[in-house]
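Spelled out, the chains give:
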Amino acid sequence: MPPGPALPRLLRAGVRPRPQLLTRTTPGPARPSGRTLGSAAAPAVSDPEGDSGLNDRILREPLKHSDFFNVKELFSVRSLFDARVHLGHKAGCRHRFMEPYIFGSRLDQDIIDLEQTAAHLQLALNFTAHVAYRQGIILFVGRNRQFSHLIENTARDCGEYAHTRYFKGGLLTNAPLLLGPMVRLPDLIIFLHTLNNVFEPHVAVRDAAKMNIPTVGVVDTNCNPTLITYPVPGNDDSPPSIQLFCRLFRTTINRAKEKRRQVEALYRLQGRAGAEGRSPASAPSPGA
Amino acid sequence: MAAPCVFCGKAVSYRLFLGARVSLAREQGLWKAAAAEVQTGTASQILRLRHTTVVSTKKNIAALRRETYTLDFIKKQIEEFNIGKRHLANMMGEDPETFTQEDIDRAIAYLFPSGLFEKRARPIMKHPEQIFPKQRAIQWGEDGRPFHFLFYTGKPSYYSLMHEAYGKILDVEKHQNQLRAQGLFSEKTKTKDLIGSRWLIKEELEEILVEKLSDQDYAHFIRLLERLLTLQRGGAEEEFVQRFRRSITIQSKKQLIEPVRYDEQGMAFSRSEGRRKSAEAEAVVYAHGSGRVSVNGTHYLRYFPVTQDREQLMFPFHFLDRLGKHDVACTVSGGGRAAQAGAIRLAVARALCTFVTEEEVEWMRQGSLGQEFRQG
């Protein structure tokens, strides 16, 4: 479905309905335009079909659908409301750049617009699923000590990594020295809390932007959403809200990994059968 | 990076330097495509850009200085050491099977005599584990994904320990809440397990975890364990905490008590020795008597003119309220006046243990009996 007015103009930049041979409207690879900075310069026109390796087919297939992993069904505006995701801080704590995401304010407490949250959350979960499908390293970051244990458990349950402790200065920018000579940095950083314990922006937000690592972040009304690639406006202080986000991320990542295993097994079987022309038999949406 | 460049390809190549895997064909394809897009750049500029990408792989100088020993290398060294040990045993005419490290050291000192003052500069032949410093094995697999889920914190073992301890606290609290809800909760305090043991010190913890810790980290960990102890815990948590306690070596409670002996007249006596500074004394204490003390055959008033020395002799009896009830005959040599008095006092105290109950022995242990340490 074409992204509606709920999405900010910036996020719609690369997502244009194209007059293409494909009948479905897809968010295809973004053409290098003035707005999109740092996009991969792979030109969509001359796509090398030369090496039709299985790997390429596996990687290209999910990009042809808008919601390949069907993340929409994992949540609804009602479930977000029940988890108290719409509750923000008091109006005095409000960050200037969060004003577009705020629905209004009741008794001096800011209420976050859940329609926008739902749209942003769908984009964020979709992106997370794609990164997990391509076997990227995902790092969960959050500095609120109340939920540190929960976040670490979430990361362990989906086979990814967590960092809810004191963040050493050059961890991302000086990684070869701190972590080892040929270390692989995370391919995605998910912030459950964008602020640290003294209510300042977490250092990892800026460092990830420096190292060109995409970020997904739950931004409350007192946070700065500008440096985060896929901000999700929502409450980051209530237990039900954080539990909901952890559950959503865990489900998406597990789903994406499961899908990858299925697709690999399928293509391996096909390869062994020796029939290259057979199209993939399974439907795009994975079963629950 | 070198010169700032609006060129988007640069960002991709920078990530390459950090070890992200991209197939070579695709990398070249990107570059070709990218180069084709630059319309304004001159030929020399494009060439220079190409050149910098190929050349500048950032080498981590500091890490290279820290030599990394691979597992194969260490294994080879161990094999060579074992073979060399057998050759050495054959050379020295000893049995290769029972050739210990001390034998090796002696053999090397014999075959390669060295007059160097610095012992560490002399030739050594030790097991490679003791020579090559212990290093952490590479912590990620072939695809670059680290094995430990807390790898990116920098101190995975320490933080996973904290995570585990906190998890146990939460479990215990949840269990207690359940019991309270059912009304089965009962207050119980168990503190006797802690006596006779101490917490691990920071160096021991660092050794276990193979990681550097700061003082705050260590204090935080101990606080967490103490919090776990204040809750009522079950067997599993108890085991977990005991892993981090070390028993203090207690001084042996057994004071050697001389058995009662009987001399020709049938009198019960007890003999023992004592030392103080360079004086050695041997005392014979009779079970029944009237408080007569003779030192080296002379009366103690003659031998020790100074009151202070006589008070030293009297102290054990005074402590046990047996002042006029025992006779003492002792011999002493060496040391000075006060040292001899102290030596006799210790000998008398030990001898008195025979005639005295267990509790009183404990009391005496506090002061009178543990005195042989100060050599002056």
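Below is a summary of the structure that appears in this document. (Residues numbered from 1 in each chain as written. Chains lettered and ligands numbered in written order. Predicted model: local features only at pLDDT ≥ 70, side-chain atom pairs only at ≥ 80, totals over all residues. Heavy atoms only, no water.)

Let us now look at the packing of aromatic side chains. What describes a pair of aromatic rings is the distance from one ring centre to the other and the angle between the planes of the rings. Throughout the structure, instances matching the rule amount to 15 aromatic pairs over all chains. With 6.3 Å between their ring centres and 75° between their planes, A:Phe140 and A:Phe249 make a pair best called edge-to-face. Of this pair, A:Phe140 sits in strand β4 (residues 138-141) while A:Phe249 sits in helix α7 (residues 239-273), and the two are 109 residues apart along the sequence. The buried category is assigned to A:Phe249, whose relative accessible area is 1%. Geometry around B:Phe240 places B:Lys168 over its ring, the cationic atom sitting 5.1 Å from the centre. Here the basic side chain of B:Arg245 rests over the ring of B:Trp199, its NZ or CZ set 4.5 Å away from the ring centre. (Phe/Tyr/Trp six-rings, centres within 6.5 Å; stacked < 30°, edge-to-face > 60°. Helix = DSSP H or I, 4+ residues; strand = E, 2+ residues; numbered from the N terminus. Buried < 20%, exposed > 50% of the residue type's maximum accessible area, 1.4 Å probe, protein only. Lys NZ or Arg CZ within 6 Å of the ring centre and 35° of its normal.)

A word on helix α9 (residues 202-209) of chain B. In an α-helix, one turn spans 3.6 residues, which is why side chains three or four residues apart end up on the same side. Residue and element names in this part refer to chain B. Within α9, burial applies to Lys202, Leu205, Glu206 and Leu209. The buried residues of α9 occupy an angular sector of 100° when the element is viewed end-on, so they sit on one face. Summarising the contacts, the buried residues of α9 are in contact with α8 (156-182) and α10 (215-230). (Arc of directions from axis to C-beta. Contact = heavy atoms within 4.5 Å.)

Residue and element names in this part refer to chain B. Reading across the sheet, the 6 strands line up as β3-β4-β5-β8-β6-β7 and stay open at both edges, with mixed pairing between neighbours. For this open sheet the edge positions go to β3 (261-262) and β7 (298-299), each flanked by a neighbour on one side alone. Pairing of strand β6 (residues 293-295) with strand β8 (residues 327-333), which is carried by 3 bridges, proceeds in the parallel orientation. The residue bridging Ser294 from the neighbouring strand is Ala329, located in β8. Across the face of the sheet, helix α14 (residues 337-352) comes into contact with β4 (268-276), β5 (279-286), β6 and β8 while running at roughly 140° to β4. (Pairing = 2+ DSSP bridges. Axes fitted to C-alpha atoms, helices over the stretch in contact; angles between N-to-C directions.)

Glancing now at unusual backbone geometry. Residues and elements named next belong to chain A. Positive phi outside glycine occurs at Asn70, with the angle close to 55°. Relative to the assigned elements, Asn70 resides in the loop between α1 (54-60) and α2 (77-82). By relative accessible area, Asn70 is classed as partly exposed at 22%.

Moving on: the pattern of salt bridges. Under the counting rule described, the total for this entry stands at 23 salt bridges over all chains. A salt bridge links A:Lys257 to A:Glu160, with the shortest nitrogen-to-oxygen separation between them at 2.8 Å. In this pair, A:Lys257 sits in helix α7 while A:Glu160 sits in the loop between α4 (148-157) and β5 (161-163), placing the two residues 97 residues apart along the sequence. Of the residues examined, A:Glu160 reaches a relative accessible area of 1% and is grouped as buried. Notably, a salt bridge pairs B:Lys155 with B:Asp217, separated by 2.6 Å at the nearest N-O pair. Taken together, the residues span a long stretch of sequence, with B:Lys155 in the loop between α7 (128-131) and α8 and B:Asp217 in helix α10 at a distance of 62 residues. Each of A:Glu160, A:Lys257 and B:Arg145 takes part in one network of salt bridges that share partners. (Salt bridge = Lys/Arg side-chain N within 4 Å of Asp/Glu carboxyl O.)

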